[in-house]
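Observations on chain architecture
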Amino acid sequence: MSARAALAIRRWTPLSVAAVGTLAALAAALAFGPLFLDANALDRLTTLFIYVLLATMWNALAGYGGLVSVGQQAFFGIGAYAAIRLSSFGVGVYPALLLGGACAAALAYALSGFALRLRGGEFAIGMWVLAELLHLLVNLDRLIQGETGTSLIALNAFSPEHRRDYNYWLALASMGALVALVFALLRGRLGASVQAIRDNEEAAASLGVRVLATKRILFVVAGAGCGLAGTLYLATSISFQPATYFGVQWTAYMIFMALVGGLGTFEGPILGAIVFFLMESFFGATGIWYLVGLGATAVAFALYLPRGLWGTLEERFGLKLLPVGYRVAGAEGDGPARGRT
Amino acid sequence: MIWLNQVIQGVLLGGYYALIACGLSFMFGVMRVINLAHGDLGILAAFLVWAIVEHSGMSPFLALAIVLPLMGALGWLMQRAMLERSLRAGVLVPLLTTFGLAIVIQNLLFEQFGADTRSLAPAIGDLAFDSWSLGSQIYIGKLAGLIFAVAVVLLGGLQLFLARTGLGRAIRAVAEDPDTAELVGVDSRTVYAAAAAIAVMTVAVGGTFLGMRATFAPYAGPAQLIFAFEAVVIGGIGSMWGTLAGGVALGIAQNLGAQIAPNGFLIAGHAVFLAVLGARVAAGERGLRALFGRAA
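Keep in mind it's a predicted model, so treat the numbers as computed, not measured.

Attention now moves to helix α9 (residues 221–235) of chain B. Residue and element names in this part refer to chain B. Over its 15 residues, α9 runs 21 Å from end to end, which matches the ideal 21 Å to within 8%, given 1.5 Å per residue. Most of α9 sits inside the fold, with 13 of its 15 residues counted as buried. At the C-terminal side of α9, G236 shows a positive phi close to 80 degrees.

Here we come to a negative patch on the surface. Residues and elements named next belong to chain B. On the surface, E176, D177, D179, E182 and D187 cluster together into a negatively charged patch. With respect to the helices and strands, E182 occurs in helix α7 (residues 178–183). When its relative accessible area of 38% is taken as the criterion, E182 is described as partly exposed.

Before going further, it helps to examine the confidence of the model for chain A. Residue and element names in this part refer to chain A. Per-residue confidence for chain A averages 86 on the pLDDT scale, and 94% of its residues sit at or above 70. Of all helices and strands in chain A, the one with the weakest mean pLDDT is strand β4 (residues 327–329) (67), whereas helix α4 (residues 73–88) scores best (93). pLDDT under 50 marks residues 331–341. Its contacts with residues more than four places away, or in other chains, come to 22 contacts.

Residue and element names in this part refer to chain B. Here strand β2 (residues 138–141) shows a clear split, with I138 and I140 buried on one side and none of Y139 and G141 buried on the other. With four bridges joining them, strand β1 (residues 131–134) and β2 adopt antiparallel strand pairing. Paired with L134 across the bridge in β2 is I138. Linking β1 back to β2 in an antiparallel pair, the connection comprises three residues, with G135 at a positive phi of about 75 degrees.

Definitions and limits used
- Residues numbered from 1 in each chain as written.
- Chains lettered and ligands numbered in written order.
- Predicted model: local features only at pLDDT ≥ 70, side-chain atom pairs only at ≥ 80, totals over all residues.
- Heavy atoms only, no water.
- Helix = DSSP H or I, 4+ residues; strand = E, 2+ residues; numbered from the N terminus.
- Expected span 1.5 Å × (residues − 1).
- Buried < 20%, exposed > 50% of the residue type's maximum accessible area, 1.4 Å probe, protein only.
- Patch = residues over 30% accessible without salt bridge, like charges linked within 9 Å, V, L, I, M, F, W, Y side chains within 5 Å.
- Areas by Shrake-Rupley, 256 points an atom, 1.4 Å probe, with all protein chains shown as cover.
- Salt bridge = Lys/Arg side-chain N within 4 Å of Asp/Glu carboxyl O.
- Lys, Arg positive; Asp, Glu negative; His and termini not counted.
- Charge placed at Lys NZ, Arg CZ, Asp CG, Glu CD.
- pLDDT = per-residue confidence, 0-100.
- Contact = heavy atoms within 4.5 Å.
- Pairing = 2+ DSSP bridges.

And the structure:
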């Protein structure tokens, strides 16, 4: 039994190389979507891309960073608001949408020194209050007309067909770029540090992890992602009512997608977003019972399947399609040895 | 004079905030859980009281006496069926489960009672608008005064209960260290469930008074949770009386804000909360302090 010497640390497996390759090919194929998909499919896919973006951002914060925020709608709303404001100043409408995401990132940076020093429930509700306060402040802007809201009128410069294609591409590109960015960040030094902080902040600090700076990167990226999701939602719906954009239901959706898919796994929230998207397509029309079902499902997963659908599959079969962690593999029998994600 | 009046009304409003906040503070102190469904449980109680009043025509106070044990049982059940399991899974899972529970409660209420805003004010007759006058410009509503008095009695009662009774001692012991408490024969599971039942009963009282002094609707819970949490943080989770002080500070800030601008009510409240939280962060205090660390 000299297997001990033959242990190897691996990140990639043939399966995960194939998975990343397939995903990249799929994204490339989707880029040609407007050529072969009908209008309805394009609209639905745009929505799905927004969901994947939101779920990945919330999972990056909570699943990897241990930061449960009930206030990510702050960035969703501010992104959309900033796009409207910039457009009113004469910035081109699509650049304004992108800059809206940048404004949300800037806001996240500005808030980070305060918010990231809060812990646990204090952070959760502190973020919620920040979102409420920003909602009230946005209402003060005369352009928004309080809860009446306004519209991104400048979008009317494009025909509905062109708008649909542009929105689709913008959503696909935003989702692709931010998911890839989070993937790259989590595979690097930041991934290890941030998970160390999640598991024990004092211990991580004592090992020389720069706690605040590390959390800040994640918080700003998540702010940018949620802000972009807000501007994308604005691009598809055109109208801006503050209560819709700053509503806590966005956080509820994010929690649902991340929990059901698998909190703290990279693939999980993507799967969760697809599940959420399908549930909405099939049961959304049932209204209230659909929402009751969402809440109850979230509770059930948190209690009985805390690693979510993907986390459970991963545990059982040693699957890793998009590896952000490492695995220990013995030379004989490349068994499903597990490392932490 | 008008400013003095706003301060006095703010103090009275603070009594209501203390009522809805004390259960939140209590539960955090014992179980280290922030129950995100706290506000919704208060609204649920208000709806139950409203339904009983509507069907039988009895006084809301009598109806509350019927609802209280139900809410206590619900709190017990919530602890045993949900929180107990999620507590074992770390600090994040209780936040997620109680948030999910909040969504379930809100939408079930909507399904059952519809979107209309309700009020218990018509059922309490003159109490809803009677007032004592202090001078020519200041009036103190009898209901507001009653709510403040109930808050003081409830907070004082809880304090006495924790200090003097056997169960109170057990709760303090488990809050300090559940494992050691088990060693000396305290059943921590039962103690946790009792604490949850007490917390939910207090917010049921708060929700019922909300129904008497204003209106409520199925989705009104989160706003109450935020007010309760703000009161708790402003007062500092140090003692029960801190919660009252925090509620009063929040009420005064909101009323002064409303005097300055029409939408200043909420903005001023949130701003004071964030300022206090920011000051505490700057002073290096780590997280929320345990309820019994200093009070016991």
